[in-house]
Amino acid sequence: MTGVLRIAGFLALAVLTSVAVLFAGSPAGWDIRHDDIVRFWERATNPGPLSKAHATLDDVCSACHTPIMGVDAGKCVSCHADNRALLQRQPTMFHQSIESCADCHLEHLGRAYISRRMDHVALARLGMRWRSQSSQSRRDWFAATLHGREGAGRPDSSPLLAGEEALVCGTCHQRQDRHQGQFGSECATCHATTSWQIARFAHPSPGSTECAQCHMEPPSHRMMHFEMVSKGVARQEHATVRECFLCHQTTSWNDIKGAGWYKHH
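The structure displayed is predicted, hence computed values, not measured ones.

Draft legend 1. Spatial organisation of the sheet that holds strand β4 (residues 252–256). Across the sheet, 3 strands lie side by side as β3-β4-β5; this open sheet has antiparallel pairing. Each edge of the open sheet carries a strand with a single partner, namely β3 (248–249) and β5 (260–261). Note that β4 and β5 share 2 bridges and pair antiparallel. Paired with Ile256 across the bridge in β5 is Gly260.

Draft legend 2. Expanded view of the nonpolar core. Counting 13 residues, the largest nonpolar core has Phe94, Ile98, Leu123, Trp141 and Leu146 as the members making the most contacts within it. Only α5 (120–129) and α6 (136–145) provide two or more residues apiece to this core. Top element by residues in this core is α5. It accounts for 4 residues. Contacts of Phe94, omitting those with residues within four sequence positions, involve Met118, Leu123, Trp141 and Cys172.

Draft legend 3. Geometry of unusual backbone geometry. Even without being glycine, Ile68 reaches a positive phi, approximately 70 degrees. Inspection of the secondary structure assignment puts Ile68 in the loop between β1 (65–66) and β2 (70–71). On the accessibility criterion, Ile68 (59% relative accessible area) is exposed. For Arg235, which is not glycine, the phi torsion reads 55 degrees and is therefore positive. As for its placement among the helices and strands, Arg235 is situated in the loop between α8 (224–234) and β3.

Draft legend 4. Region of interest: the environment of Arg111. With respect to the secondary-structure elements, Arg111 resides in the loop between α4 (84–87) and α5. Judged by relative accessible area, which is 38%, Arg111 ranks as partly exposed. Sequence separation between Arg111 and Ala55 is 56 residues, and the spatial gap between their C-alpha atoms is 7.5 Å.

Draft legend 5. Here's a closer look at α5. Across the 10 residues that make up α5, a large majority, 8, are buried. Taken together, the buried positions of α5 are occupied by His120, Val121, Ala122, Leu123, Ala124, Leu126, Gly127 and Met128. Here α5 starts with a cap whose side-chain oxygen sits 3.2 Å from the backbone nitrogen of Val121, and that cap is Asp119.

Draft legend 6. Structural view of the confidence of the model for the protein chain. Looking at the protein chain, the pLDDT average stands at 78 and 76% of residues meet or exceed 70. Confidence drops under pLDDT 50 across residues 1–6; counting only partners more than four residues distant or on other chains, this segment forms 0 contacts. In this model, residues 20–30 is a region of pLDDT below 50 whose contacts with residues beyond four sequence positions or in other chains number 9 contacts.

Draft legend 7. Region of interest: the environment of Phe183. Secondary-structure assignment places Phe183 in the loop between α7 (170–173) and α8. Looking at Phe183, the relative accessible area reads 42%, which means it is partly exposed. Taking the C-alpha atoms as reference, Phe183 lies 9.9 Å from Gln213; in sequence the two are 30 residues apart. With near-sequence residues (within four places) excluded, Phe183 lies in contact with Gln213 and Cys214.

Draft legend 8. Spatial organisation of α8. For α8, the full list of buried residues reads Phe226, Ser230, Lys231 and Ala234. The buried residues of α8 occupy one face: seen down the axis, they fall within an arc of 90 degrees. The outward face of α8, more than 90 degrees from its buried face, is lined by the exposed residues Met224 and Met228. On its buried face, α8 sits against β4. Where α8 terminates, the next one or two residues include Arg235, which has phi positive at roughly 55 degrees.

Reading the values: the criteria
- Residues numbered from 1 in each chain as written.
- Predicted model: local features only at pLDDT ≥ 70, side-chain atom pairs only at ≥ 80, totals over all residues.
- Heavy atoms only, no water.
- Pairing = 2+ DSSP bridges.
- Helix = DSSP H or I, 4+ residues; strand = E, 2+ residues; numbered from the N terminus.
- Core = buried A, V, L, I, M, F, W, Y, C linked by side-chain atoms within 4.5 Å.
- Buried < 20%, exposed > 50% of the residue type's maximum accessible area, 1.4 Å probe, protein only.
- Contact = heavy atoms within 4.5 Å.
- Polar contact = N/O pair within 3.5 Å; in protein donor to acceptor, adjacent residues only side chain to side chain.
- pLDDT = per-residue confidence, 0-100.
- Arc of directions from axis to C-beta.

Put into structure tokens, the structure is as follows:
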């Protein structure tokens, strides 16, 4: 009841303020037209033009908003629930459980703004807010996506932003692990959320023989293809699968010593 009274009080104050402003600007004092009131409220409440994707809804506020409540996630879902490309892809299928679109998708920042830009901090904050809520889908999502702690003691050397350390990267990115599990599941030990590339990484000398510390052999090297084709191309008949340095160069896996650029897969 207290919340309802506060909202009613706020609305009453807003109406009185708008009327006072209109009176002050009216030569006749009481000569107020309906169009003037509408324009006043439009100026007071319009947060700006929508993104390009939702440009057709510029003048249809009710398509996304509900009076008093604000942005209604149910209305978003009614338009986007059949987006199979989004819901069936492992990196983005977490949208099935999220029930608050506006936390990440800010639509009133103009035509040039890309509302699909990933905000990992907002995602972590959203999950933290759901910790005590009873929805089973929310609790399942939280258990899989977050470490279950907020402010996980981010070291100064961490490439993550404050708040991102709560996320479990593998929940969305496990199929993008080019290391095939060799380095474990703590992607954030090396990677940031802005790019998979590691800015501070310096590859060892081309003369290094410790390639297998970081690199795993491709599936073809575990088959007869390695014996019958790969070793012959590199002229290394006695090479083993873990002796990468005998055939490969650090410029590219396809840059084969003695053969040059060779795409054999």
